[in-house]
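What follows is the residue order along each chain.
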Amino acid sequence: MLSSWKFWAVLGGIAVVVGLFAYGFTVDPNFVQSPLVGGPAPPFRVAGLDGRPPLSLNDLRGTPVVLNFWASWCVACRDEAAILQEAHLRYEKEANVLRVVGIAIQDTPEKAVAFAKRFGKTYYLGLDTPSGEASLAYGLYGVPETFLLAADGTVLDKRIGPVTRAGLAEWVARISGPDSE
Amino acid sequence: MRLAMLGTMAVLAAACAWALSGEELERRVLEISSELRCPTCQAISVKDSEAAFSRQIRGKVRAMLAEGKTEEQIKDFFVSRYGEWILRAPKKRGVGLILWFLPGGAILFVGGLVGLKLYRNARSREALEAGAAEDTISEADRSRIERDLRRFEEG
């Protein structure tokens, strides 16, 4: 039996199927790497919240950007609010190495502003259009999602879920390193 | 008077044409939306979902169709943002072609193997029957078999 090619062919087939299933259990089926990473950031234009002026991608050229999509109804966005505000103060106000921009999606200006005040956000906050122009342009699956844009507008990375201090520090090191834009 | 009537008729005709294109537009929106995956749902198309993202995607499809974009261009836009994941069926080009033809190819391959096996079995059965029909035992062998059988029966 062991010398039969049919035996080994069947065994090989079973091994391939079992291997594929085993691999399938190790990966999160909901996580798909954004095709935007490595390419130019899609253009957008959003209205400013709480008296801030409108903002477009062109306004951000020349500085790396942490572009965060959030919403007042998003529970996970509460977890990262303080971290983003901290990053704004540390890396934007003090070190001036990047900008932190937040775009609220599927939200109302009143609720978004109330959320921002509750969590002490002082960085730029905009509001996506009701038709979700910016959300769809950036291929969002939900909120929070955060993109790292290089100074030349290239999308360097994307994070699904709340940002972390360590993750942001890694991004800062990346844009400040020898390979930075 | 005649001019006014003609003008009214022209306006009515244009309105009918617009209404028709509106229905056709909605049909196309639903058709394309049924082939796009809802980003926030589990295994539901954008057409069948009432999630905010799905409503926005339907709106984007409608706007792109109104701009004159083709189905291919609209799908390409969403693939460029979400990746091939957004398509409920893989594209019929490139690597997607493998996924389209693999199941059919596998069925044909297995069917071919089964057919070949059945054909070979039938051939060997025919050969056996043909062999049985032909008496290939010589007279000398036959008499020796009969002699041995008699000896066996006599003990």
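The rules behind these values
- Sequence order as written defines residue numbering, which begins from 1 separately in each chain.
- Chains and ligands are labelled sequentially in the order written, the chains with letters from A and the ligands with numbers from 1.
- Given that the model is predicted, a residue must reach a pLDDT of at least 70 before its local features are reported, and side-chain atom pairs must reach 80 or more before they are shown or counted; all residues, however, enter totals for whole chains, interfaces and linings.
- Computation of side-chain values: all heavy atoms of the structure, hydrogens and water removed.
- Residues are said to line a cavity or pocket when one of their atoms sits within 4 Å of a point; the points come from a 1 Å grid over protein atoms alone, cavities being sets where a 1.4 Å probe fits but cannot get out and pockets being open sets with protein on both sides within 12 Å along at least five of seven lines.
- Grid points are joined across faces, edges and corners, and a volume is the space filled by probe spheres set on the points.
- Just so you know the grouping, Ala, Val, Leu, Ile, Met, Phe, Trp, Tyr, Cys and Pro go in nonpolar, Asp, Glu, Lys and Arg go in charged, and all remaining residues, Gly too, go in polar.
- Note on definitions: a residue-residue contact is assigned when non-hydrogen atoms from the two residues lie within 4.5 Å.
- Here the quantity called buried area is the accessible surface, traced with a 1.4 Å probe, that two parts lose on coming together, added over both.
- Think of a salt bridge as a Lys or Arg side-chain nitrogen and an Asp or Glu carboxyl oxygen that are within 4 Å of each other.
- Any pair of nitrogen or oxygen atoms within 3.5 Å is treated as a polar contact; in protein, a donor-acceptor pairing is required on top of that, and neighbouring residues in sequence qualify only through side-chain atoms on both sides.
- Secondary structure elements follow DSSP: runs of H or I of four or more residues count as helices, runs of E of two or more count as strands, with numbering from the N terminus.
- Any Phe, Tyr or Trp ring, taking Trp's six-membered ring, that has another such ring centre within 6.5 Å forms a pair; planes under 30 degrees apart are called stacked, those over 60 apart edge-to-face, and the others tilted.
- To sort residues, take the accessible area from a 1.4 Å probe on protein chains only and compare it with the maximum for the residue type: under 20% means buried, over 50% means exposed, and anything in between is partly exposed.
- We call a charge positioned over a ring when the NZ of a Lys or the CZ of an Arg lies within 6 Å of the ring centre and within 35 degrees of the ring normal.
- Paired strands, as defined in this entry, are two strands with at least two bridges between them according to DSSP.
- All axes are obtained by fitting lines to C-alpha atoms, using only the stretch in contact for helices, and the reported angles, taken between N-to-C directions, cover 0 to 180 degrees.

Peer 1: Could you clarify how one ought to interpret empty space enclosed by the protein in this entry?
Peer 2: One way to see where empty space is left: roll a probe the size of a water molecule over the atoms. Scanning the entire structure with this criterion turns up one cavity of 30 Å³ or more. Approximately 40 Å³ is the volume found for the largest cavity. Per-class residue counts for the lining of the largest cavity are six nonpolar, two polar and one charged.

Peer 1: Hey, could you run me through the interface of chain B and chain A in this one?
Peer 2: By a widespread convention, an interface's size corresponds to the accessible area lost as its parts come together. The interface is formed by 16 residues belonging to chain B together with 23 residues belonging to chain A. With both sides pooled, the region where chain B packs onto chain A buries about 1,500 Å², and carbon together with sulfur makes up 56% of that total. On the surface where chain B and chain A come into contact, there are one salt bridge. Ionic pairing is found between Glu133(A) and Lys60(B), a salt bridge with its closest N-O pair at 3.3 Å. The tally of links between chain B and chain A comes to six residue pairs in polar contact (both at pLDDT 80 or more). The set of elements that each furnish at least two residues to the side of chain B that touches chain A consists of α2 (52-66) and α3 (71-82) of chain B. Here the side of chain B that touches chain A is composed, by residue class, of eight nonpolar, five polar and three charged.

Peer 1: Help me understand the packing of aromatic side chains in this model?
Peer 2: The description of an aromatic ring pair rests on the distance of the ring centres and on the angle between the ring planes. One pass over the full model with this rule turns up 10 aromatic pairs over all chains. With 6.0 Å between their ring centres and 70 degrees between their planes, Phe44(A) and Tyr138(A) make a pair best called edge-to-face. With Phe44(A) in the loop between α1 (5-26) and β1 (45-48) and Tyr138(A) in the loop between α4 (133-137) and β6 (145-149), this residue pair connects regions lying 94 residues apart in the sequence. Per residue, the accessibility class of Phe44(A) equals that of Tyr138(A), and both read buried. Seen from their ring centres, Phe115(A) and Phe119(A) are 4.6 Å apart, and the 40 degrees between their planes marks the pair as tilted. We classify Phe115(A) as buried; its relative accessible area is 5%. Pairwise contacts between aromatic rings join Phe44(A), Phe69(A), Tyr138(A) and Phe147(A) into one cluster. The side chain of Lys121(A) reaches across the aromatic face of Trp70(A), ending 4.4 Å from its centre. Here the basic side chain of Arg37(B) rests over the ring of Trp85(B), its NZ or CZ set 5.0 Å away from the ring centre.

Peer 1: Looking at this structure, how should I read the sheet that holds β6(A)?
Peer 2: Within a beta sheet, neighbouring strands are joined by backbone hydrogen bonds and run either parallel or antiparallel to one another. All names here are of chain A. Read across the sheet, seven strands follow the order β2-β1-β5-β4-β3-β6-β7 without closing on themselves; strand pairing throughout is mixed. Bordering the open sheet on either side are β2 (55-56) and β7 (155-160), each of which pairs with just one other strand. In the sheet, strand β4 (residues 99-104) pairs with strand β5 (residues 124-127) via four bridges, with the strands oriented parallel. Bridge assignment links Gly102 to a residue of β5, and that residue is Leu125. Here helix α5 (residues 165-176) sits on the sheet and contacts β3 (65-70), β6 and β7; the angle it forms with β7, its principal contact strand, is near 175 degrees.

Honestly, it's all geometry; don't read function into it.
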